[in-house]
Structures are given as C-alpha cells and as structure tokens.
Amino acid sequence: MNKKPLVIAVTFAIFNATSVGAYAAANQAVTELEEVLVNATRIDESLAKSSRAIVKISAAQLEESQPASVAEALKHVANITVTNGPRPSAQGVEIRGLSGNRVLQTVDDARQNAGSGHRGTYFIEPEMLKSIEVLKGPSSSLWGSGAIGGVVAQYTKSAQDFLEDGEHFGGYLKQSYETNGSRTKTSGSIYGVQDSIDWLVFGSYLDSNNIKIGKDESLNNSSSQGHSALGKLGWQLDDAQRLELSLRSNNSNELVPSNPGAEVSRSVPLVRRETTDNNLSLAYELNPSDNAYLDAKALIYVNQTDYDEDRVTKGQIDATEFNTLGLSLSNKSIFGAGLGRTELVYGVDGYKDTIETVRDDKGQTGQRPGNIDGEVSTLGAFVMGKVSLSDTVSVEPALRYDSFSNQSNNLGLETDDSAVSPSLALVWQSTPWLNLSARYDQAFRAPSIEEMYSSGSHYCIPPIPRFLPNGMCNTFAINPDLKAEKAKNKELKADFSFSELSATGADDELNLTLSVFRNDVDDFIVQSVSNPLMGIPGFEQTTSWNNVSAAELTGFEISSRYRYNQTRLSINYGQTQGKDADTNEYIAYIPANKLSLDLSQGIMEGDVKLGTRLSYVASQTDVPLANSVAKYDDYKLWDIYVAWEPSMGDLAGLRVDFAIENIGDEQYKQAWQTLFEQGRNMKLSARYQF
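Remember, predicted model here, so these are calculated numbers, not experimental data.

A. Here's a closer look at the overall build of the protein chain. Of the regular secondary structure elements, the protein chain holds five helices and 35 strands. Over its C-alpha trace the protein chain gives a radius of gyration of 26 Å, about what one expects of a compact globule, namely 26 Å for 690 residues. Its C-alpha atoms give the protein chain principal-axis dimensions of about 85 × 60 × 55 Å. Burial analysis of the protein chain (690 residues in total) assigns 51% to the buried set. Contacts in the protein chain between residues at least 24 apart in sequence constitute 63% of all its contacts with a sequence separation of at least 6. Within the structure as shown, the protein chain displays about 30,300 Å² of accessible surface, and the carbon and sulfur contribution to it stands at 57%. Looking at charge distribution, the protein chain has the averaged site of its 60 positive side-chain charges lying 5 Å from that of its 88 negative ones.

And the structure:
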C-alpha cells in the first residue's frame, strides 16, 4: 500500500490544526473527550491527557453496536483486530499484531488468566459492562505478566449506573434479535439503593442457529446457547469507605470444531463443548477526603473456568479446569501542590493459577495429549509516579518487580524466574490545545504450564497401506528451560483538543490523536512441529514450544473526533508492520491496515440518533516468503444504526436500537484467518426501564 498520500494527509491535518490553535486556545473549553476518565492506568486521568494510547468504549457505544462478544465491540478501533473467526465464544483480541495470552484481560481489575489450547477466553456478556478500556502496547509496569501487547480492561455495571439521585429502585427488561443465525437474547436486571446499601442482579439467556457468512452460505456447527448472571452488593460504610461483593457467571453450550477458528477435519474433530466461567470478588476502598496520602484499594478474587467436552465422533470425554486466586493491594498518595506536585501509586499483587486436564484416550490408547496438573504462582510489587516539573511538564516513572514459578505436579518439575518492568514517560502540555508525550515501557509474559509441560501425543497420522502401515504420532516434548517473552516499546503521542472553532462561537469540538510506536519483542514463544523426513517411519516427530528470534513491530494510529451540536464524526486509521529482527523478513499474523469512519446525527432533541459506519481493510501482502498465501484480499464494510430513547411522555423508559451490519453481504476473510466472517446481519433490541 502506498503510504505517501496518508502521510501527506496526516501532516496537513496537524498543520491545519496548528493554524487554528491560536484562536482555539483563547476560547478553550472542556471538551467531551477531556471529560472522559480512564481507570486501567491505575491513576484516574483524562483520556486526552494520558501518555498512554488508550481507547474507551462507553455503555452508550455498546448499546448502539449490540456486540455479541467483547472482541466484537472493539472491531472498529485502530490497530485492534478480532481473531479466531466469527463464532462469538471463540473470538479474541489482537492489539498491534499481538494476541492470545500476549494481551492481558481484566474484569473490575481482577485478572482473567484462563486459557487452554484453542478454547475461548472472553466470556462476559457485553450487556453487563459499563465500559471497556484498552491500553495499547506493553503495560507490565502496571499489570505484570501478559501485558506485552496491551490490556483489555472491562468494568461491570452497578446500581449507581442506572439510578438518578433520589431514586431507590429500578429495573429493565430487554429483548434482542438478530437475523443472522436467528440469534435471540432475553435479558433483564433489577437494582436498588437504600441508605448505605446498593445492589444489582442481572441475568440473560441467548440462543443462536448457525452463522451465515455471506452469499446465503452457512458456517456449519456455529450455533450456540448460553446464559449469564451478575450479582453485586455494595456497602458504603461511611464517606471514606466502601465494600463491594460481586458474583458473576457465564455459561455456553455449543457443538463446534475443537479449534473453533477452523473447520472440522481429521485433525480438528467435532466436540460438544460446555464452558462455565464463575467469578467471585470482594473489593474494599478507603479514601478519606481530608487525607491526600490515603486512597487505598484492596481486592481479592477467585475465578473458576471449566471446559467440558464430548468428542462426539470419537466417543471421548475431556475436561479442563482452570482456577485463579488473586489479591491486589494499592494506595495513592499526593505530595505537594503546583511545581513538584507528586502522585504516587504503589502496591503489591499476586495470584496463583492452577490447571488440571483430563484427556480421554479411549479407542486411541497412547494417541492423546497427556493430562496436565500444574500451577503458576506470581507475586509482584510496583510503584508509579507522576511528578510535575513545571506548570506544563511532568514526568511519569514506574517500576515493577515480579517473581514467578511454574510447577508440574504430575511430572515433578518446577522452574522459578523473575522480571523487572520499568517505564518512563515525559509529558508536555505545550499549549492549551496540544499535549505531547514520549514514553518507554518494558514488559514480559511468563510461559504457561501448557507451553512448558505438555506431554503425550499432539496428533496422529492414521495407517497408510504400504507406506505407513502402523501410522505415526507426533508427541509433545517438554521444555522446562523456556524463557519469558520480553517487550521494549518506544512511543510518541500527540493529542490535539479544540473547541468553539468557528468565529460564531458554535458548539463544536475537535480532538485528534496521533501515536507512533516501535515494540521490540525478544524470546518469542512459538509452537514448533519437527518433521525431519516428512513422516518416514522410524523417524520420531515432536511438538514443543521454543523461544525464537526477536520481532520488530512498528506502526502508527490516528484517531480523530469532531462534534458540531448533535452531529458527530469519528475517523481512525491504524497500521502495524512486523519483521524478524535477524532476517528482516516479514512475520506472520500481522493485521492489515484498517480505516474506519463513524458518522451520526441526533434529532428530535436527542431522542433519536441516526448513524453509519464504514470500514476499509487493505490487502495484506507483507507475509513471510514461505507463507502458503502470498496476498490476503482487501474488503469494505458498511453498517447503519438507529437508536430511539424518548426522554419524556408515556414512552419514557423505552429504548429501541436497530442496526444493519455488512449491508452488502460481503463474503470476506481477515488476513491469516481460515474462516469467512459474518455476512449481513440485522439487529433489533427493545428495552423497557422502570
């Protein structure tokens, strides 16, 4: 793709913004974007003033897009890609070319570490969420292991998100329907506040047939059923103290390939998979208004994820149980004011993951993976600060230390390691309308139990008369010497914020963010399959996870948003390039360049919102020389959406959302994926809130 026109356009936009800056500075007001606060950085800060590249999806945006998964809610964001095909339960998030367990997931600040093979890891019903925040780029100084690609932080709703001051009880019922797959979802919630106690109960049930992938073709074995529940109980002990108990459960039941991102084949059998994810957390906050040194948070949480599978074509029953016990303690202190003002956030956190698997080899004795019984223990301490060097310049240092161990109980093996994750940012508010920042971050991802200690057979080749009469199996080779992946990211970021741009003083605002990054990742962990002589009998084949050469991930993203009264326009573009640091050859699984546009108009005094989204994903030709596909085709998508929510009268409390996605019924595949994505889909939901 020729990048010169884009660079010219970006340069023009920046200089054009600069030219109007002198006028805008004199009329500067707080814009909508500057009012948006983010929590995933552990310091509550304005989105527009953060030195990190962050995206926040609000509850209103979630209602408008009606996503079937958390990943789908992020599909229009620059340099974020939905992975693993169109089955919602399998979808994952890729940030700047890194995905899977290289992207950390949290819910209400509790780590979600579950992961096994090709099974899904994003379980939460999006309707439960009040926001999703995505930190792009390495973030281990904040969150520890796993955050070398970024963090997807999800925050669930509470009673306070629904009730106005003076209201004590409420609830809603909601019915949703999608034409693609005839997907229905029934959901509802009740909530209340009484004196110092607040509570919320939410539940939903969904049922879907096979997904259609365009041109009236269906994706076999893509139907699903599931239900979700959320319960919250909060106690405001006094003005300074709050205690909150949260219980969440998600369940899905589906007949899918063992790898839901692929079709059923000889090596990908059909399984009846039931996934149950339960989470319990207890949070305590202490924040006295008259003590600048005390803003403490404590969190203890338990996660349990079970994958129960019936390999229907094999007559085998498999089970995987993944548990996490976690604890986090942190405090924020503010010292001084004005020049030299310092904000410090410091604390400790730790978790213990356990994984147990049962792999039934009935009818295939010695031809299945071995059972795993292992645990991971991690303990970390961190400190981060924000120091004002002048009225316009601040520095943000951070340092984290983690000690971790992996233990295989069934093999009697254990390894220990540690990691230091520093970061440093310099922020300059050069003018009232321009915020510049430069930052450096180191991050790591500790190897998992499966990567280090998988045993048994990976796959087997059935007998072939005369050539392979007894068949052949590829077996796992353990690698207890596997090292943690390490990332070093350099990033420059510019945030432009203007308001009242016209001489008439119209109610308008413009925000523009430009980020440029380079992420160097060492000791990449990849699964390697040895095949010394193409399967000739007598030569053993093995599969293992190994550290390979370093990768260089470079790219940039531009996000802009303009509002004029009730008219809103947002445009974002992202591109990432990945190369092997030693050979300079392109590496696999780097997403194609993506451009997204969203235009909406509020009418009827804001009761109705009309909008349209356009996406263009360029062809991907930056592939390794040995890749089986030399080019992944480009594609264009067009959506429209309507939201209607009367603010008064007999219909107050009603909300109706309607959308048509992929209007052209485009049949397309994302780069590196094996399945076509979802075709045309009409979505309709009606909610009545009382």
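B. Layout of the nonpolar core. If you look at the biggest cluster of nonpolar residues, it comprises 29 residues, and the most contacted ones within it are Leu 74, Val 93, Ile 132 and Val 152. Of all elements in the fold, only strand 3 (53-58), strand 4 (80-83), strand 5 (92-95), strand 6 (103-107), strand 8 (129-136) and strand 12 (197-208) reach the threshold of two or more residues within this core. It is strand 8 that provides the largest number of residues to this core, a total of three residues. When sequence neighbours within four positions are dropped, the list of residues in contact with Ile 132 reads Val 55, Lys 56, Ile 57, Leu 62, Val 70, Ala 73, Leu 74, Val 152, Ala 153 and Gln 154.

C. Focus on the pairing of strand 26 (residues 508-522). In terms of burial, strand 26 is largely enclosed, as eleven of its 15 residues are buried. The pairing of strand 25 (residues 485-499) with strand 26 spans 14 bridges and is classified as antiparallel. Each bridged residue has a counterpart across the sheet, and for Ala 487 the counterpart in strand 26 is Val 521. Both strand 26 and strand 29 (residues 551-564) contribute to a ladder of 14 bridges, which runs antiparallel. Within the sheet, the bridge partner assigned to Asp 520 lies in strand 29 and is Glu 552.

D. Structural context of the sheet that holds strand 28 (residues 541-548). Reading across the sheet, the four strands line up as 23-24-28-27 and stay open at both edges, with mixed pairing between neighbours. With one partner strand each, in any of the chains shown, strand 23 (457-461) and strand 27 (524-529) form the two edges of the open sheet. Taken pair by pair, the neighbouring strands of this sheet meet at an average axis angle of 20°, ignoring direction. Strand direction decides the pairing type here: strand 27 and strand 28, joined by six bridges, are antiparallel. Bridge pairing in strand 28 places Val 526 opposite Asn 546.

Conventions adopted
Numbering of residues starts from 1 in every chain and runs along the sequence as written. Two thresholds apply to this predicted model, a pLDDT of at least 70 for residue-level local features and 80 or more for giving and counting side-chain atom pairs, whereas whole-chain, interface and lining totals are computed over all residues. By convention in this description, side-chain values take in all heavy atoms of the structure and omit both hydrogens and water. Segments assigned H or I by DSSP are reported as helices when at least four residues long, segments assigned E as strands when at least two residues long, and all are numbered from the N terminus. Here the globule rule is a power law, 2.2 Å times the number of residues to the power 0.38, and the radius of gyration is based on C-alpha atoms. For each residue, the accessible area found with a 1.4 Å probe, counting protein chains only, is set against the maximum for its type, and the residue is called buried under 20%, exposed over 50%, and partly exposed in between. Contacts are residue-level and defined by heavy atoms, with any inter-residue pair within 4.5 Å sufficient. The method behind every accessible area is Shrake-Rupley, applied with a 1.4 Å probe, and residues are considered shielded solely by the protein chains displayed. A positive count includes Lys and Arg, and a negative count includes Asp and Glu. His and the chain ends are not counted in either. Here the site of a charge means atom NZ of a Lys, CZ of an Arg, CG of an Asp or CD of a Glu. Residues belong to a common nonpolar core when they are buried Ala, Val, Leu, Ile, Met, Phe, Trp, Tyr or Cys residues joined through side-chain atoms within 4.5 Å. Paired strands are those between which DSSP finds at least two bridges. Note on method: axes are straight lines fitted to C-alpha atoms, helices fitted across the in-contact stretch only, with angles between N-to-C directions ranging 0 to 180 degrees.

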